[in-house]
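# Summary of structural features
Spelled out, the chains give:
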Amino acid sequence: AGLVAGNVTVSGCQNDADVTCTNTASGGRVGGIIGLNDTGKGSVTKCINNGKVDGYQYAGGIIGANFSADFLIDQCGNSGKTIGHSPGRTYVGGVTSYTKGNIANCFNTADVAVYIDGKTGTKAAHFGGIISDFEGEQITNCYNTGSLLTYDGYTRSDYGSICASGYDKGGVARLINCYGLDTVAGEDITNSGLVIQKTADEMKTAEFLNALNGNGRAFIFNNDGTPVLRFMTADNSTLVGVTVAAQ
């Protein structure tokens, strides 16, 4: 979808094709599943992008940009390289470049890159493994293993293993139970310590899976690497015979 609006739920979609946006007007917002949500209320959930997303200024693996506080990004994963091009400011995220809503149970395993084209502009690169600029309330149970790459004379203004900016907006920790590969640096690590760093081997363990799921079970063990979302597998099991102890 290019633009979504109104009350909308986008669910169960997968993109395997490369997506390129050459539009230089209004930021050229581009995503593997959705380009832009302006005022729509609802969610994008259980969606996967495997294709390369190459946009002008705002680029996200799942959704280019979301400007609605009533729109949730949940249980989505990206494994396609996400690229932003701009002679000026550029915003790129493995899942989305910008959102006013919340993000939960998402992952990115691909590189996030910025190319600064041209000789004018501020050459400011804003990019994060999950998101560039966050204006929601919380990002929970997410992980990133993708590298952050910049080219052609950049100024690295904001960068994050999970989130480039907004991770501690108003002095409140916005990243809850989020993990990054220990080889990927970010201001959300050095400035706030809100991202828990793990080695590549640690991210393939049952212990990591249990920690990532928190009180839920959105992720499932992956014998070939880091955890994947449960809906991506044939496992539709449910919990039975569980007794909740009194609080």
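It should be noted that the structure appears before, not after, this text.
Residues numbered from 1 in each chain as written. Predicted model: local features only at pLDDT ≥ 70, side-chain atom pairs only at ≥ 80, totals over all residues. Heavy atoms only, no water.

### Brief notes about helix α2 (residues 206–213)
Under the convention used in this document: Exposure is judged per residue with a 1.4 Å probe applied to protein chains only, and the accessible area is read against the type maximum: over 50% gives exposed, under 20% gives buried, and values in between give partly exposed. Secondary structure follows DSSP: runs of H or I at least 4 residues long count as helices, runs of E at least 2 residues long count as strands, and numbering of each begins at the N terminus. Arc definition: directions from the helix axis to the C-beta atoms. For this analysis, residues touch if any pair of their heavy atoms sits within 4.5 Å.
Turning to α2, its buried residues number three or more, namely Phe208, Leu209, Leu212 and Asn213. Mapping the buried residues of α2 onto a view down its axis gives an arc of 130 degrees, with all of them on the same face. Facing away from the buried surface of α2 by more than 90 degrees, the exposed residues are Glu207 and Asn210. The inward-facing, buried residues of α2 abut β21 (143–144), β26 (178–181), β27 (195–198) and β28 (219–220). Trailing α2 by a residue or two, Gly214 shows a phi angle of about 60 degrees, which is positive.

### Side note on the side chain of Asn66
In this fold, Asn66 is placed in strand β10 (residues 63–66). The residues contacting Asn66, other than those within four sequence positions of it, are Asn37, Phe71, Tyr98, Thr99, Lys100 and Gly101.

### What about the state of the cysteines?
Cut-off, in case you're wondering: Disulfides are defined as cysteine sulfur pairs within 2.5 Å.
Applying the stated criterion across every chain yields a total of zero disulfides. Unpaired in terms of disulfides, Cys106 finds its nearest cysteine sulfur in Cys142, a separation of 4.9 Å. Assessed through its relative accessible area of 0%, Cys106 is described here as buried. Considering cysteine sulfurs only, Cys178 is the nearest to Cys163, which forms no disulfide, with 8.9 Å between them. Residue Cys163 is classed as buried on the basis of its relative accessible area, which comes to 0%.

### Some thoughts on the pairing of β26
The side chains of a regular strand alternate between the sheet's two faces. To be explicit about the condition: One requirement defines pairing of two strands: DSSP has to find at least two bridges between them.
In β26, alternate side chains face the same way, and those of Cys178 and Gly180 on one face and Tyr179 and Leu181 on the other are all buried. Where β26 and β27 come together, four bridges link them in parallel fashion. Bridge pairing links Leu181 to Lys198 in β27.

### Regarding the pairing of strand β11 (residues 71–78)
Among the eight residues in β11, seven count as buried, and that is most of the element. Bridge analysis of strand β7 (residues 41–49) against β11 gives seven bridges, and the strand direction is parallel. Paired with Val44 across the bridge in β11 is Ile73. Here β11 pairs with strand β15 (residues 103–104) via two bridges, running parallel. For Asp74, the partnering residue across the bridge sits in β15 and is Ala104. Pairing between β11 and strand β16 (residues 107–108): two bridges, direction parallel. Paired with Asn78 across the two strands is Asn108, which belongs to β16.

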